[in-house]
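In case you want the letters, here they are:
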Amino acid sequence: MPERLAEMIDWFGHASFRFRGSKTVYVDPWKIDKESHDADIILITHEHYDHYSPDDIKKVAGDTTIVVFPESMRDKVDFINAVFLARGERQTVDGVDVEVVAAFNTNKDYHPDSKDWVGYIVNLDGIRIYHSGDTDNIDEMNSISCDVALLPVSGTYVMTAVEAIEAARRIGPRLAIPMHWGDIVGGREDAEEFARGAPCPVVIKEHST
Ligand SMILES: [Zn+2]
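Residues numbered from 1 in each chain as written. Predicted model: local features only at pLDDT ≥ 70, side-chain atom pairs only at ≥ 80, totals over all residues.

K.L.:
I tried to follow the overall build of the protein chain on my own but got confused; where do I start?
P.N.:
Helices and strands together make up the secondary structure of the protein chain, namely four helices and 12 strands. For 209 residues, the compact-globule estimate of 2.2 N^0.38 gives 17 Å, and the C-alpha radius of gyration of the protein chain, at 15 Å, lies within 12% of that figure. Across the 209 residues of the protein chain, 46% fall into the buried class. Expressed as a percentage of contacts within the protein chain between residues at least 6 apart in sequence, the contacts between residues at least 24 apart total 53%. (Helix = DSSP H or I, 4+ residues; strand = E, 2+ residues; numbered from the N terminus. Rg over C-alpha atoms; globule rule 2.2 N^0.38 Å. Buried ≥ 20, exposed ≤ 12 C-beta atoms within 10 Å, placed from the backbone. Contact = placed C-beta atoms within 7 Å.)

Dropping the structure here:
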């Protein structure tokens, strides 16, 4: 059953994902090869180039695609169909329930809490998928309820595999997928370390194209 959850999720490397259901939802599209223009909704977690890539957004967006940004990015974004949501907000976007949650570092300065950058919980056809954004293992995760958790494992800018195991314990998903490895920082060994220690089933995704 967890494997079936993984089948609706495509990974393009790093934190770049597509969820396929009655709607098609991308999070932080980056290093996209194909001009698919198949996105109904695109969610952006924060402004770093490997997460907010206007060129990649253009490859997956169509004329009516809605792009959701953290409220704190309002002044940096110029998209016609942009929606800005703050931490704690929950909104139905094109028929899909989107919850905005905190994402930040606790022991490094790359993603300060004060930036109000985010993660998302997307409810797609009754399946709740949590994309944590670039974050450490934060207390706010105690109140997250989801079926699938996408968690960074590389360390350096985000939590390590060991910290991600603790995060998975807080969250208690039915399935976890390690992200933020294999590009810029982190390798398969980090994903595998997470998979060995996680208190839930883990699927290590292969790159989609
Ligand atoms: Zn970042």
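K.L.:
I keep staring at the sheet that holds strand β2 (residues 17-20) and nothing clicks. Help me out?
P.N.:
What holds strands together in a sheet is hydrogen bonding between their backbones, with the strands either parallel or antiparallel. Spatially, six strands are ordered β1-β2-β3-β4-β5-β6 in an open sheet, and the strand pairing comes out mixed. Of all strands in the sheet, those with a lone pairing partner are β1 (9-11) and β6 (82-85), marking the two edges. Ignoring which end each strand starts from, the neighbouring axes of this sheet average 20 degrees apart. Where β2 meets strand β3 (residues 24-27), four bridges bridge the pair, whose relative direction is antiparallel. What sits directly across from phenylalanine 19, in β3, is valine 25. (Pairing = 2+ DSSP bridges. Axes fitted to C-alpha atoms, helices over the stretch in contact; angles between N-to-C directions.)

K.L.:
What's the story with the pairing of strand β11 (residues 148-152) in this structure? I'm lost.
P.N.:
In summary, the side chains of a regular strand alternate between the two faces of the sheet. Burial within β11 is extensive, with five of its five residues counted as buried. Of the two faces of β11, the one holding Val148, Leu150 and Pro152 and the one holding Ala149 and Leu151 are both buried throughout. Alignment of strand β10 (residues 127-131) against β11, held across three bridges, turns out to be parallel. Its bridge partner lying in β11, histidine 131 is registered against leucine 150. Bridge analysis of β11 against strand β12 (residues 175-179) gives five bridges, and the strand direction is parallel. Directly across from leucine 151, in β12, lies its bridge partner proline 178. In this fold, β11 hands off to helix α3 (residues 161-171), which returns the chain to β12; that crossover is right-handed. (Right-handed = clockwise from strand over helix to strand, strands pointing away.)

Scope: geometric values only; no functional claims are made or implied.
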